[in-house]
Amino acid sequence: EPEVTQTPSHQVTQMGQEVILRCVPISNHLYFYWYRQILGQKVEFLVSFYNNEISEKSEIFDDQFSVERPDGSNFTLKIRSTKLEDSAMYFCASSEWSTGANVLTFGAGSRLTVL
Amino acid sequence: AQTVTQSQPEMSVQEAETVTLSCTYDTSENNYYLFWYKQPPSRQMILVIRQEAYKQQNATENRFSVNFQKAAKSFSLKISDSQLGDTAMYFCALSFGKLIFGQGTTLQVKP
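Please read these numbers as outputs of a predicted model, since none were measured by experiment.

### Notes on the confidence of the model for chain B
Confidence in the prediction of chain B, expressed as mean pLDDT, is 93, and 99% of residues score 70 or more. When pLDDT is averaged over each element of chain B, strand E3 (residues 19–21) of chain B comes out on top at 98 and strand E11 (residues 99–101) of chain B at the bottom at 90.

### A word on the interface of chain A and chain B
Each partner contributes to the interface: chain A provides 22 residues, whereas chain B provides 19 residues. Summed over both partners, the interface of chain A with chain B buries about 1800 Å², with 56% contributed by carbon and sulfur atoms. Put simply, chain A and chain B have zero salt bridges between them. Counting every contact that joins chain A to chain B gives five residue pairs in polar contact (both at pLDDT 80 or more). The leading source of residues in the side of chain A that touches chain B is strand E4 (residues 31–37) of chain A, at three residues. Residues belonging to the side of chain A that touches chain B are distributed by class as follows: twelve nonpolar, seven polar and three charged.

### Some details on the state of the cysteines
Counting across every chain of the model gives two disulfides over all chains. Here A:Cys23 connects covalently by a disulfide to A:Cys92, the sulfurs 1.9 Å from one another. Note on the A:Cys23 and A:Cys92 pair: the S-S dihedral is about -65°, so by sign convention the disulfide is left-handed. One end of the pair, A:Cys23, is in strand E3 (residues 19–24); the other, A:Cys92, is in strand E9 (residues 88–95), and 69 residues separate them in sequence. A disulfide bridge connects B:Cys23 with B:Cys92, and the sulfur atoms are separated by 2.0 Å. Its torsion about the S-S bond being -70°, the disulfide of B:Cys23 and B:Cys92 is classed as left-handed. Of this pair, B:Cys23 sits in the loop between E3 and strand E4 (24–26) while B:Cys92 sits in strand E10 (residues 88–95), and the two are 69 residues apart along the sequence.

### A closer look at the packing of aromatic side chains
By the definition in use, this model includes 18 aromatic pairs over all chains. Three or more aromatic residues link up through ring pairs in this structure, and these residues are A:Tyr33, A:Tyr35, A:Phe45, A:Phe91, A:Phe106, B:Phe35, B:Tyr37, B:Phe91 and B:Phe101.

### As for unusual backbone geometry
Trans is the prevailing form of peptide bonds, just as negative phi is the prevailing case for residues other than glycine. That bond from A:Thr7 to A:Pro8 is cis: its omega, -10°, falls within 30 degrees of zero. Residue placement: A:Pro8 occurs in the loop between strand E1 (5–7) and strand E2 (10–13). Backbone geometry places A:Asn51, a non-glycine residue, at a positive phi of 55°. With respect to the secondary-structure elements, A:Asn51 resides in the loop between strand E5 (43–50) and strand E6 (53–57). The phi angle at B:Lys73 is positive, at roughly 50°, despite the residue not being glycine. Note that B:Lys73 resides in the loop between strand E8 (64–69) and strand E9 (74–79).

### Some words on the pattern of salt bridges
All names here are of chain B. By the definition in use, this model includes four salt bridges over all chains. Of the charged contacts, one joins Lys73 and Asp26 as a salt bridge, the two residues approaching to 3.2 Å between their closest N and O atoms. Of this pair, Lys73 sits in the loop between E8 and E9 while Asp26 sits in strand E4, placing them 47 residues apart in sequence. Residue classification places Asp26 among the partly exposed residues on the basis of a relative accessible area of 38%. Residues Asp86 and Arg63 are paired through a salt bridge, measuring 2.8 Å at the closest nitrogen-oxygen approach. With Asp86 in the loop between E9 and E10 and Arg63 in the loop between strand E7 (60–61) and E8, this residue pair connects regions lying 23 residues apart in the sequence. Looking at Asp86, the relative accessible area reads 3%, which means it is buried.

What counts and how
Residues numbered from 1 in each chain as written. Chains lettered and ligands numbered in written order. Predicted model: local features only at pLDDT ≥ 70, side-chain atom pairs only at ≥ 80, totals over all residues. Heavy atoms only, no water. pLDDT = per-residue confidence, 0-100. Helix = DSSP H or I, 4+ residues; strand = E, 2+ residues; numbered from the N terminus. Contact = heavy atoms within 4.5 Å. Buried area = accessible area lost by both parts, 1.4 Å probe. Salt bridge = Lys/Arg side-chain N within 4 Å of Asp/Glu carboxyl O. Polar contact = N/O pair within 3.5 Å; in protein donor to acceptor, adjacent residues only side chain to side chain. Nonpolar A, V, L, I, M, F, W, Y, C, P; charged D, E, K, R; others polar. Disulfide = S-S within 2.5 Å. Phe/Tyr/Trp six-rings, centres within 6.5 Å; stacked < 30°, edge-to-face > 60°. Buried < 20%, exposed > 50% of the residue type's maximum accessible area, 1.4 Å probe, protein only.

Below, the structure is given as structure tokens:
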């Protein structure tokens, strides 16, 4: 069964450092998403991406965050200068369409710990 | 604004018994979809079941079924014959393309 792959599974970084989280979406999917889950809290939408541009972003997705699809397979989330409150699980997801009917397939997540 | 509320932070059930997880939502849209996702200790989000808002018939997937009450904006998940592998956090989600999640309910299935 096709799956969304995320790397690294866990990253520890110092406050102020740049972090790049990587995702390989399902190959025939066109819409890509990043979600964040602070430990013990709900999963929050960060950004959606289609046709090489951001289609929607949340208030959380400020200037410290950026997304990119550098080649035909990877989808990355960059945090420019990490803060303690960026510590969370980051989930990548992809889907075939962007309507409400579409099922998002999630990756296993990347745990980010900011010290 | 669209919101999803899960009022039960934690629940437990004996193996083989039935449990119902509650979810309410708010939206002004007419066409939307509702989902239940499961997050086991491995942390991966796994789709459990999906309901289309324009369908009155409740969705069913094996041991999992929903009670969808559109007027009341309620979307509960019933798990029958609970198994130890059902132990997980369960998230209700409202979809307009992106997903809006509730706070989650941690379900513990006890042997």
